[in-house]
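Working through the structure, step by step
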Amino acid sequence: MAGLAVDQPGAAPHLHGRLDDDAEATTAFLAQGARLLERLPPRARRDEAQQAAATALAGTLNDARERFLRAHAEEVYETLTDGLSRAVRVEELLERAAERYPGLVPTAATVAAEREHMQGDKDGAEIAQGLLLAHVLSVPRAGAHLIWAMQRPTPEALERLEQFRATGALELGKVRVRREGPAGVLELCNPRHLNAEDDSTIPPTEVGVDLLLLDPDVEVGVFRGGVVDHPRYAGRRIFGSGINLTHLYRGQIAFLFYLVRDLGYVNKIYRGLSGPEHRPREPEDTTEKLWIAVAETYAIGGACQLLHVMDHVIAERGCRLYLPARREGIIPGASNLRLPRFVGDRLARQAILSGREFVAGTPEADLLCDEVVEPGAVDAAIARRIELLTSSGLINGAANRRALRAGQEPLDLFRSYMATYAREQAFCHFSPTLVRNLEEHWNAPNRTA
């Protein structure tokens, strides 16, 4: 392929406004482009000209996807959800889209094959997933329906609810849940990686959140990091160290990590579980409870993001709270939407764009924390707060949460934000800048998974 100027697949098809005809033309165009891309060596073995050709071709194909989705995103979503009659999660939605509209998004096999490569050696096939989700979320009717679907209880939680109610405790892999009096405690337990989040922690965390919301004997949820055994922190609890950057560098974090996390368990903590019917023209009707976060040692990245959706934050004095996503090259979840409400626009920009840290016990961190206690007083503070939050009953607590959201973050605002997030995070996730940042700031090549 010397002297290659990889053929482009010709002009993008003209769209006529009819879904089936436009889908046929677009998928044929995408198939032609995919065949051209397959003629190139794998990314790790390409020369500069070949990589430039691959980048241009990928851009052409993504442009074609977006042209089709601008015209038909709502119709596509209706087709994939049987006329909005089914609650289809993001994961299944994309699987259905790959089957119904070949090339519009990658198949599960393509994503699995990409996962075998380091992050810097991937072609970014999953960007197409972000484009489809961004266009769906941009449409008020379809986007609201997708958010409702992601707020439904997971099948595993429904299957294990009776077991949890009977035993009061469950081990869910890297998450454990237990009932302590009127409280349900969820612990993230990934000690080897200092309670970092990755593709293996998101599903059990969502199941754990569901169980605490579904169990009528649980009146308030407590989110806490488990004890770690790292020599530097042995025997201490860590609220969370954010996304596992080593896994990210090694290509072991799927793009869907971000969307499933923030549309799934994080949004369930903030908004609760949705009802069995989607009623878009009515106020939110959810199963929700008050939540306490217990920030110990540090709350980095995604762990810091969680503080924005909690009703009460207990922080251990000296706990570091910060969002290093800018140095990593990604967007810190919904912090861009939520953090300014707590600390104001200036401090939020400093935290998100320049990596400003907050330390529990300082005036700036007081804007993120409800109470700061000494390390030995954390358990007593939790017990005291549980008693105070449950003494006035659950109904008015949930009602006040909904009323606060109606003024601060109505569902339509969240939907619009997530549309932007889906698109922008997709390009960030596959940017060469992300790989460079991880090598420069994280020493990623020399870390073991």
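For the structure itself, consult the block above.
This report concerns the structure included in the present document. Predicted model, so just to flag it, every value in this text is computed and none were measured.

Thresholds, definitions, all that
- Residues numbered from 1 in each chain as written.
- Predicted model: local features only at pLDDT ≥ 70, side-chain atom pairs only at ≥ 80, totals over all residues.
- Heavy atoms only, no water.
- Pairing = 2+ DSSP bridges.
- Helix = DSSP H or I, 4+ residues; strand = E, 2+ residues; numbered from the N terminus.
- Axes fitted to C-alpha atoms, helices over the stretch in contact; angles between N-to-C directions.
- Contact = heavy atoms within 4.5 Å.
- Phe/Tyr/Trp six-rings, centres within 6.5 Å; stacked < 30°, edge-to-face > 60°.
- Buried < 20%, exposed > 50% of the residue type's maximum accessible area, 1.4 Å probe, protein only.

1. With respect to the sheet that holds strand E11 (residues 358-359)
Note on sheets: strands pair through backbone hydrogen bonds, and any given pair is parallel or antiparallel. What the three strands build is an open sheet, ordered E8-E10-E11; its pairing is mixed. Every interior strand has two partners, whereas the edge strands, strand E8 (298-300) and E11, have only one. Bridge analysis of strand E10 (residues 320-322) against E11 gives two bridges, and the strand direction is antiparallel. Bridge pairing links Arg320 to Val359 in E11.

2. Comments concerning the sheet that holds strand E4 (residues 220-225)
An order of E1-E2-E3-E4-E7-E9-E12 is seen for the seven strands of this open sheet, with the pairing classed as mixed. Two strands lie at the open edges of the sheet, namely strand E1 (169-171) and strand E12 (371-373), each paired on one side alone. Averaged over all adjacent pairs, the angle separating strand axes in this sheet is 20°, with direction ignored. Sheet topology note: the strand E2 (residues 175-180)/strand E3 (residues 183-188) ladder contains six bridges and is antiparallel. Residue pairing for E3: Glu180 is matched across the bridge by Ala183. Packed onto the sheet, helix H7 (residues 155-167) meets E1 and E2 and runs at close to 125° relative to E1. Its contacts with the sheet place helix H8 (residues 202-214) against E1, E2, E3, E4 and strand E7 (290-295), and it is angled at close to 175° to E3.

3. Some remarks on the packing of aromatic side chains
Tallied over the entire structure, the rule returns seven aromatic pairs. Measuring from ring centre to ring centre gives 6.3 Å for Phe223 and Tyr265, while their planes differ by 10°; the resulting arrangement is stacked. Placement of Phe223 in strand E4 and of Tyr265 in helix H11 (residues 265-271) is noted, with a sequence separation of 42 residues between them. Accessibility expressed as a relative area gives 2% for Phe223, which makes it buried. Look at Tyr417 and Tyr421: their rings are 6.2 Å apart centre to centre, the planes differ by 15°, and that puts the pair in the stacked class. Here Tyr417 and its partner Tyr421 are both found in helix H18 (residues 411-429), four residues apart, which amounts to about one turn of the helix.

4. Some remarks on the pairing of strand E9 (residues 312-316)
Within E9, five of the five residues are buried, which leaves the element mostly enclosed by the surrounding structure. Neither face of E9 is exposed, since His312, Ile314 and Glu316 on one face and Val313 and Ala315 on the opposite face are all buried. As paired elements, E7 and E9 share four bridges and run parallel to each other. In the sheet register, Ile292 faces E9, and the bridge partner there is His312. Where E9 meets E12, three bridges bridge the pair, whose relative direction is parallel. The residue bridging Ile314 from the neighbouring strand is Glu371, located in E12.

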